[in-house]
Amino acid sequence: MKPAPTPTTILRLMHQDNLHICLRRGGIYAPNHTPADGLTYKVIHNMEIQSRRQRTAIPCGPGGTIHDYVSFYFGFLSPMLLQLKTGQVRDYAEGQEPLIYLIATAQDIQQHGTRFVFADGHGLASFTQWYNDLRDLDKVDWTAVNLRYWADTQDDKDRQRRKQAEFLIYQFCDWSLIREIVVMNAGIKTKSSRFCSNTRRRLGGRSGSEGIGTTIERRRQ
């Protein structure tokens, strides 16, 4: 297998309408650790899958379940994105345009002292292996992670699982760890920039405003 890229990019897919919530909170909370602050997060996930993730134990690192972590992928063009784009997720019908990626790196997470785990495939697959040491990043199939077309084939019936390798950040991802925001087009870039500017102005120098100047880039198709 290919060696892990360094730095190792990780990406979180979310709806643009949640950006102001992340900025106001100073970062992203894991589902089991979300504060009761009255802010309503726009859900884009398959709720049946989320129910299973809530019950799935993590066998290394800080332990807990998947919902004790903020989930990132290693690669773009995930099966989750395809389901959202093509209307396969119940109660979501907005397509791909309002979806954005938050970009960080595994090395920055480690240097920040934030605990993490990662997997060599989809977190719900019974034979997925879990790790909590970046020296094990070579266990991830980087060829599969970066595939544009990832459906299982007759010769490789495990390709889709490996494509969905995950990096999980324990409890909270501080906004200062987000290097950039990737969007689909210029209109979404303008709207996201406005979110950032308005939140920076509203928060001023108070906690949570650090890192709001994150670069916003248009996604290259």
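Relevant structure appears above.
As the structure is a computational prediction, the values presented were derived from the model and not from experiment.

## Some remarks on the overall build of the protein chain
In step 1: Helices and strands together make up the secondary structure of the protein chain, namely seven helices and ten strands.
In step 2: Within the protein chain, the proportion of its 221 residues that are buried is 49%.
In step 3: Residue pairs at least 24 apart in sequence account for 75% of intrachain contacts in the protein chain once pairs closer than 6 positions are excluded.
In step 4: Put simply, the protein chain shows about 11100 Å² of open surface, and 47% of that area lies on carbon and sulfur atoms.

## Focus: unusual backbone geometry
Trans peptide bonds make up the majority, and among non-glycine residues the majority have a negative phi.
In step 1: Cis geometry marks the peptide bond from Thr6 to Pro7, where omega comes out at 0°.
In step 2: With respect to the helices and strands, the residue Pro7 is situated in the segment before β1 (9–15).
In step 3: At Leu77, a residue that is not glycine, the phi angle is positive and equals roughly 55°.
In step 4: In this structure, Asp91 takes a positive phi of about 70° despite not being glycine.

## A short note on the nonpolar core
In step 1: Of all hydrophobic cores here, the largest spans 35 residues; its most connected members are Leu19, Phe72, Phe74, Phe118 and Phe167.
In step 2: Counting residues in hydrophobic clusters, the runner-up holds 13 residues, among them Ile44, Met80, Leu84 and Val89.

## Thoughts on the packing of aromatic side chains
In step 1: Scanning the entire structure with this criterion turns up nine aromatic pairs.
In step 2: Measuring from ring centre to ring centre gives 6.3 Å for Phe74 and Phe118, while their planes differ by 85°; the resulting arrangement is edge-to-face. A residue pair is termed long-range when its members are at least 10 positions apart, and Phe74 in the loop between β3 (69–73) and α3 (79–85) and Phe118 in strand β5 (residues 116–119) qualify at 44 residues. Like Phe74, the residue Phe118 is buried in the burial classification.
In step 3: Taken together, a centroid distance of 6.3 Å and an interplanar angle of 5° make the contact between Phe118 and Phe167 stacked. One end of the pair, Phe118, is in strand β5; the other, Phe167, is in strand β7 (residues 166–170), and 49 residues separate them in sequence.
In step 4: An aromatic cluster is defined as three or more aromatic residues linked by ring pairs; in this entry it consists of Phe74, Phe116, Phe118, Tyr131, Trp142 and Phe167.

## Considering the layout of surface pockets
In step 1: Of the voids in this model, the largest pocket is the one considered here, and its volume is about 830 Å³.
In step 2: Lining the largest pocket are 41 residues, and of these His45, Gln50, Arg53, Ser71 and Met80 sit closest to its centre.
In step 3: Among the secondary structure elements, those contributing two or more residues to the lining of the largest pocket are β1, α1 (19–25), β2 (27–29), α2 (47–55), β3 and α3.

## Focus: the pattern of salt bridges
In step 1: In total, this model carries 14 salt bridges according to the counting rule given.
In step 2: Asp17 is paired through a salt bridge with Lys42; the nearest N and O atoms lie 3.4 Å apart. On the criterion of sequence distance, the pair formed by Asp17 in the loop between β1 and α1 and Lys42 in the loop between β2 and α2 is long-range, its members being 25 residues apart.
In step 3: For Asp17, a relative accessible area of 25% puts it in the partly exposed group.
In step 4: Residue Lys42 is classed as partly exposed on the basis of its relative accessible area of 29%.
In step 5: With a shortest N-O distance of 2.7 Å, Arg53 and Glu166 are connected by a salt bridge. With a gap of 113 residues between them, Arg53 in helix α2 and Glu166 in strand β7 connect regions that are remote in the sequence.

## Considerations on the pairing of β3
In step 1: Burial runs high along β3: five of the five residues are buried.
In step 2: Here β3 shows two buried faces, one formed by Tyr69, Ser71 and Tyr73 and the other by Val70 and Phe72.
In step 3: Bridge count between β3 and β7: five bridges; the pairing is antiparallel. Following the sheet pairing, Val70 is matched in β7 by Ile169.

## So, the environment of Ile44
In step 1: Tracing the sequence through the fold places Ile44 in the loop between β2 and α2.
In step 2: Setting aside residues no more than four positions away along its own chain, Ile44 makes contact with Leu13, Met14, His15, Met80, Leu84, Val89, Tyr92 and Leu99.

## Concerning the state of the cysteines
In step 1: Per the counting criterion, the structure on display carries zero disulfides.
In step 2: As a non-bridged cysteine, Cys173 has Cys22 as the owner of its nearest cysteine sulfur, 9.0 Å distant.
In step 3: Take Cys173: its relative accessible area is 0%, and that puts it in the buried class.

About the criteria used
Residues numbered from 1 in each chain as written. Predicted model: local features only at pLDDT ≥ 70, side-chain atom pairs only at ≥ 80, totals over all residues. Heavy atoms only, no water. Helix = DSSP H or I, 4+ residues; strand = E, 2+ residues; numbered from the N terminus. Buried < 20%, exposed > 50% of the residue type's maximum accessible area, 1.4 Å probe, protein only. Contact = heavy atoms within 4.5 Å. Areas by Shrake-Rupley, 256 points an atom, 1.4 Å probe, with all protein chains shown as cover. Core = buried A, V, L, I, M, F, W, Y, C linked by side-chain atoms within 4.5 Å. Phe/Tyr/Trp six-rings, centres within 6.5 Å; stacked < 30°, edge-to-face > 60°. 1 Å grid on protein atoms, 1.4 Å probe; cavity = no way out; pocket = protein on both sides within 12 Å on 5 of 7 lines; lining within 4 Å. Points joined across faces, edges and corners; volume = space filled by probe spheres on them. Salt bridge = Lys/Arg side-chain N within 4 Å of Asp/Glu carboxyl O. Pairing = 2+ DSSP bridges. Disulfide = S-S within 2.5 Å.

The values are spatial; any link to function lies outside them.
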